[in-house]
Structures are given as C-alpha cells and as structure tokens.
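Secondary and tertiary structure notes
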Amino acid sequence: MKQNIINFLRTIFPFLLTIALWRLSGPWWNPGGILAIIPIFYCTFVRPVSWFLPFGILICFLIDYKFATLSYWTMMYCLFYAINGFQTLVDITRMDRDGIVAFSAFFGTAVIILCLMNFGFSNIGRTIWIFLWTAGLYIPTTTLIKRAGHD
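What comes next is a walk through the structure. (Residues numbered from 1 in each chain as written. Predicted model: local features only at pLDDT ≥ 70, side-chain atom pairs only at ≥ 80, totals over all residues. Heavy atoms only, no water.)

1. Describing the packing of aromatic side chains
This is how the line gets drawn: Between rings of Phe, Tyr and Trp, where Trp is taken as its six-membered ring, a pair exists when centres lie within 6.5 Å; planes separated by under 30 degrees are stacked, by over 60 edge-to-face, and by other angles tilted. Counting from the N terminus, the helices are the DSSP runs of H or I reaching at least four residues and the strands are the DSSP runs of E reaching at least two. Burial here depends on accessible area, computed with a 1.4 Å probe over protein chains only, as a share of the maximum for the residue type. Under 20% is buried, over 50% is exposed, and the range in between is partly exposed. Our definition puts a charge over a ring when NZ of Lys or CZ of Arg is within 6 Å of the ring centre and also within 35 degrees of the ring normal.
Counting across every chain of the model gives 20 aromatic pairs. For the pair Phe15 and Phe52, a centre-to-centre distance of 4.9 Å together with 45° between the ring planes defines the contact as tilted. One end of the pair, Phe15, is in helix α1 (residues 2–23); the other, Phe52, is in helix α3 (residues 52–67), and 37 residues separate them in sequence. The exposure class assigned to Phe15 is buried, which follows from its relative accessible area of 16%. Between Trp28 and Trp129, the ring centres sit 4.7 Å apart and the planes meet at 25°, which makes this aromatic pair stacked. Linking Trp28 in the loop between α1 and α2 (37–46) with Trp129 in helix α6 (residues 121–147), this pair joins segments that are 101 residues apart in sequence. Judged by relative accessible area, Trp28 falls into the exposed class, the value being 59%. The ring of Trp22 carries the charged tip of Lys66 above its face, separated from the ring centre by 4.5 Å.

Below you can see the structure in the form of structure tokens.
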C-alpha cells in the first residue's frame, strides 16, 4: 500500500509542479506563470511522460489566458511538437544537460517573436530578463523532476 502511494506521487509530481509554477505567477519573476513552460517542455520532449501532451496544451492555454496572449504559447508548443515529430536530425531525448539547448531554441524563438510583436526598449529588456531567468531555472527544475523519481 505504501509503495503504491509513493509510486502515485512520483507519477503525478511533474503535473503538480507544472500547476504550481503556473499558479505562482508574479509580475517580475514569473509573469503569466511562464515558468510552467519548463516542466511542460521537459516532460514532453526530453523525458516524455504519458498524458503530458494534452496536459501541456491545457497549461499553455492557461498561460495564454494569464499572459493576455491569444493562444500564442499554445500555438508555439504545438508547432514545436509538430516540428520535433517531423525532423530526424536532432534527438532531444539524447541531448546533454537535459536538452537545455533545445529548450533555449524553443523558448528564445518564442519570446523574440513576442517581443517583435510589441517592439519597444522596455519590452526588449523584459524579454532578455524573462529568457535569462527561465533558462537559468531550467536545470534546477529538471533536476527536481528527476530527483522526485520520474525517469
């Protein structure tokens, strides 16, 4: 019985972490719950978790709701999923450092496009800050997911 509970908690940990990161949004350190993109990316592309794709789409939609973007993050997530499915050159599941290069390419492209849509000097600084902050928290977040027992 105790082992079943532990296995259940290990299984749902990435889902709970994603919801927590989305809910713990703040205007400076987690605008719109954008840090939830980290476990969404990791558990979809690097270490795939069963049923995480529909959950990731739902959370990306909720990020869009909080971020006041009209299905932008949902579209970027689905687009990257489609591109990853069709390409054969890069295997994200075998990349070093838990796929931080692929995450940086995905997230960097998305925030640059978002910045160009509303171009301004303050927006450029905010874009750089969000990218550096999210990329800096990628490794600690993925390490936490691995240590919690999902792998």
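2. Considering the pattern of salt bridges
Here is the rule we go by: By salt bridge we mean one thing: a side-chain nitrogen of Lys or Arg within 4 Å of a carboxyl oxygen of Asp or Glu.
Applying the stated criterion across every chain yields a total of one salt bridge. With a shortest N-O distance of 3.0 Å, Asp98 and Lys146 are connected by a salt bridge. Highlighted residues: Asp98 in the loop between α4 (72–86) and α5 (100–117) and Lys146 in helix α6, separated in sequence by 48 residues. Residue Asp98 is classed as buried on the basis of its relative accessible area, which comes to 9%. Lys146 gets classed as partly exposed once you look at its relative accessible area, which sits at 31%.

3. Details of α6
This is how it is decided: Every helix has an expected span of 1.5 Å times one less than the residues it contains. A residue's bend is the angle separating two fitted axes: one through the seven residues that end there, the other through the seven that start there.
Taking 1.5 Å of rise per residue, the 27 residues of α6 would be expected to cover 39 Å, and the 40 Å separating its terminal C-alpha atoms lies within 8% of that figure. Approximately 35° is the largest bend angle found in α6, and it occurs at Tyr138, with the proline Pro140 only one to four residues beyond. Every buried residue of α6 is listed here: Asn123, Thr127, Ile130, Thr134, Ala135, Tyr138, Thr141, Thr142 and Ile145. Two residues or fewer after α6 comes Gly149, characterised by a positive phi angle close to 115°.

Taken by themselves, the reported measurements are silent on function.
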